[in-house]
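Below, each chain spelled out in residue letters.
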Amino acid sequence: MDRTVHSYEDARRMARKRLPWMVFDYIDGAAGNGEGEASNRRAMADIHLQSRVLRDVRHRDLSTTVFDQRAEVPFGIAPMGMCNLSAPKADVFLARQAAKSCVPIGVSTVASTDMETMLALSEGHAWFQLYYSGDGSGTMALVERAKAAGYQTLVLTLDVPEVGRRPRELRRGFKMPFKIGASQFIDFALHPRWSISTLIHGRPEMANFQRDGFTFDRTESRAGADWETLKKVRDAWPGRLVAKGVVSVEDAVALKAAGVDAVQVSSHGGRQLNGGVPPILALKAIRDAVGPAYPLFYDSGVRSGEDVAKALQQGADFIFFGRAMQFAIAANGEAGLQQFWAGVSSDLSSAMAQMGHCDIASLKAR
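Just so it is clear, the structure is predicted and the values come from calculations on it, not from any experiment. (Residues numbered from 1 in each chain as written. Predicted model: local features only at pLDDT ≥ 70, side-chain atom pairs only at ≥ 80, totals over all residues. Heavy atoms only, no water.)

Details of the environment of Gly-305
In plain terms, the rule: Helical segments are the DSSP runs of H or I of at least four residues, strand segments are the runs of E of at least two, and each set is numbered from the N terminus.
Position of Gly-305 among the secondary structure elements: in helix 13 (residues 305-314). Distance from Gly-305 to Ala-342, taken between C-alpha atoms, is 9.8 Å for residues 37 residues apart in sequence.

Section: unusual backbone geometry
Peptide bonds are, in most cases, trans, and in most cases residues other than glycine have a negative phi. The condition that has to hold: Here the term buried applies to any residue with accessible area under 20% of the maximum for its type, exposed to any over 50%, and partly exposed to those in between, with areas from a 1.4 Å probe on protein chains only.
We note that Lys-89 has phi near 70°; this positive angle belongs to a residue other than glycine. Overall, Lys-89 belongs to the partly exposed group, its relative accessible area being 46%. Of note, the phi angle at Cys-102 is positive, near 55°, even though the residue is not glycine. Inspection of the secondary structure puts Cys-102 in the loop between helix 4 (90-101) and strand 4 (105-107). Look at Cys-102 and you get partly exposed, because its relative accessible area is 27%.

Looking at the pattern of salt bridges
This is how the line gets drawn: By definition, a salt bridge exists where a carboxyl oxygen of Asp or Glu is found within 4 Å of a side-chain nitrogen of Lys or Arg.
With the rule as written, the count across this model stands at 22 salt bridges. The shortest N-O distance in the salt bridge between Arg-58 and Asp-56 comes to 2.8 Å. Residue classification places Arg-58 among the exposed positions, given a relative accessible area of 65%. Here Arg-271 and Glu-169 are joined by a salt bridge, their closest N and O atoms 3.5 Å apart.

As for the layout of surface pockets
Cut-off, in case you're wondering: Only protein atoms enter the 1 Å grid used here, on which a cavity is any set of points holding a 1.4 Å probe that cannot leave and a pocket is any open set flanked by protein within 12 Å on both sides along at least five of seven lines; residues with an atom within 4 Å of a point are listed as lining. Grid points are joined across faces, edges and corners, and a volume is the space filled by probe spheres set on the points. The residue classification treats Ala, Val, Leu, Ile, Met, Phe, Trp, Tyr, Cys and Pro as nonpolar and Asp, Glu, Lys and Arg as charged. All others, Gly included, are polar.
Reported here for the largest pocket is a volume of approximately 630 Å³. Elements supplying a minimum of two residues to the lining of the largest pocket: strand 6 (153-157), helix 10 (227-236), strand 7 (240-246) and helix 11 (249-257). Element by element, the count of residues in the lining of the largest pocket is highest for helix 10, at 3 residues. Of the residues in the lining of the largest pocket, the class split is 14 nonpolar, 9 polar and 5 charged.

Thoughts on helix 2 (residues 21-28)
The condition that has to hold: We call two residues in contact when some of their heavy atoms are within 4.5 Å.
Of all the 8 residues making up helix 2, 7 are buried; the element is thus mostly covered by neighbouring parts of the structure. Within helix 2, burial applies to Met-22, Val-23, Phe-24, Asp-25, Tyr-26, Ile-27 and Asp-28. Its buried side turned inward, helix 2 meets helix 1 (8-18), helix 3 (35-45), helix 7 (167-172), helix 8 (182-189), helix 9 (192-201) and helix 14 (323-355).

What to know about the packing of aromatic side chains
Worth spelling out the cut-off: Only Phe, Tyr and Trp rings are paired, with Trp represented by its six-membered ring, and only when their centres lie within 6.5 Å; those with planes under 30 degrees apart are stacked, over 60 edge-to-face, the remainder tilted. Consider the ring centre and the ring normal. A charge sits over the ring if Lys NZ or Arg CZ is within 6 Å of that centre and within 35 degrees of that normal.
Going through the model one piece at a time under the given rule, you end up with 13 aromatic pairs. Seen in terms of ring centroids, Trp-127 and Phe-297 are 5.7 Å apart; in terms of plane orientation they differ by 40°. Their pairing is tilted. On the criterion of sequence distance, the pair formed by Trp-127 in strand 5 (residues 126-130) and Phe-297 in strand 9 (residues 296-298) is long-range, its members being 170 residues apart. For Trp-127, a relative accessible area of 7% gives the class buried. What makes Phe-297 buried here is its relative accessible area of 2%. Members of the aromatic cluster, each reached through a chain of ring pairs, are Phe-67, Trp-127, Phe-297, Phe-318 and Phe-320. In this structure, Arg-271 packs its charged tip against the face of Tyr-26, placed 5.3 Å from the ring centre. When the ring centre of Tyr-8 is taken as origin, the NZ or CZ atom of Arg-303, which lies over that ring, is 4.4 Å away.

Concerning the pairing of strand 10 (residues 318-321)
What counts here: Handedness of a crossover: with both strands directed away from the viewer, a clockwise path from the first strand across the helix to the second marks it as right-handed.
Of the two faces of strand 10, both are covered, the one formed by Phe-318 and Phe-320 as well as the one formed by Ile-319 and Phe-321. What joins strand 9 to strand 10 is helix 13, and the crossover it makes is right-handed.

Here's the deal with the pairing of strand 7
This is how the line gets drawn: Pairing between strands is defined by DSSP: at least two bridges between them are needed.
In terms of burial, strand 7 is a largely internal element, 6 of the 7 residues being buried. As paired elements, strand 6 and strand 7 share 5 bridges and run parallel to each other. Counted as the bridge partner of Thr-157 is Lys-244 from strand 7. Pairing geometry for strand 7 and strand 8 (residues 262-265), over 4 bridges, is parallel. What sits directly across from Ala-243, in strand 8, is Val-263. One crossover worth recording links strand 7 to the parallel strand 8 by way of helix 11, and it is right-handed.

A closer look at the nonpolar core
Applied cut-off: Nonpolar cores were defined as sets of buried Ala, Val, Leu, Ile, Met, Phe, Trp, Tyr and Cys residues, with membership established by side-chain atoms within 4.5 Å.
Tyr-151 and Tyr-298 are the most contacted members of the largest nonpolar core, which has 107 residues in total. Among residues more than four places away in sequence, those in contact with Tyr-298 are Met-44, Gln-264, Val-265, Pro-279, Ile-280, Leu-283, Ala-311, Ala-316, Phe-318, Ile-319 and Phe-320.

Some words on a nonpolar patch on the surface
The condition that has to hold: Without a salt bridge and with relative accessible area above 30%, a residue can belong to a patch; like charges are then joined within 9 Å and nonpolar side chains (Val, Leu, Ile, Met, Phe, Trp, Tyr) within 5 Å. Areas reported as accessible are Shrake-Rupley estimates using a 1.4 Å probe. Residue values count occlusion only from the protein chains shown.
A contiguous nonpolar patch, built from Trp-21, Ile-180, Phe-185, Ile-186 and Leu-190 and spanning about 540 Å² of accessible area, is present on the exposed surface. Tracing the backbone through its elements, the reader meets Leu-190 in the loop between helix 8 and helix 9.

Dropping the structure here:
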């Protein structure tokens, strides 16, 4: 059977067959009935790219810079929790791809490989993603650990004051830490390839909490985080600070004024607020408000190279893919990830040719 991943749709279709229902619904799921994710996709689809003719576009360059560091392509890997649920060593595959393409990879607070290993595997291209939880004591300990590990960039995720209610996860009984009951046992038995592979390699764990007495409660409230919280993190972190999960112009302007080095426009892939504003619709207004030189990143609803081109033209400097990467790995392992990556790059290059652009600077000219 051909397992080549030519597109996001290929990756998702194959992943749905290979993954247990509980795992697939966790990766694929969104808040409420999924309208937030669907509206992200509709909004992206409604943006049109202007084609041009008789431009010499034989020599196209997809490289760009992120915080003055060269990246081979204008897209990277968003922070995602428990990636090894998609396949054993998924985190390793992602880190290798980041190193190969010299692009950022977000290492989640709840990654299934510890932050130190991910920084080494990515050859220094990893950014650590942080949730501010509870009274902040555990959170600030993670800040110090990331600093000691040698991270240069911290991504503070702000759009999860409470975990969005995701009925698909609730129906499957998905929990972190991973728990197995009768229904999960049946689910795993019906997906033996995934189950045997996972059994051989060991159950995925939240690796950043396997030492120093740290614990993590996914449902712990983050609702107490405020502008003083941001100041506390900013004062403690000497490197670059990215604020992720922003769709408000006012918030973006205030974050810039508060000393945040970049804003990531995102709706968490529609996983938090079912009726939220599609972030692609907020992107241009945020760009206009923060000015042309301020670093602005984007994720949510991105599935292809053309989507990357759309987000760049709307004002983003760099794009991050999330669940698409996990589906590609679930579909065909590291080869699936490489196939999807190459497909997005080829799609973007082709779109640039159709639009008459030879480089990323020209494509996102503003």
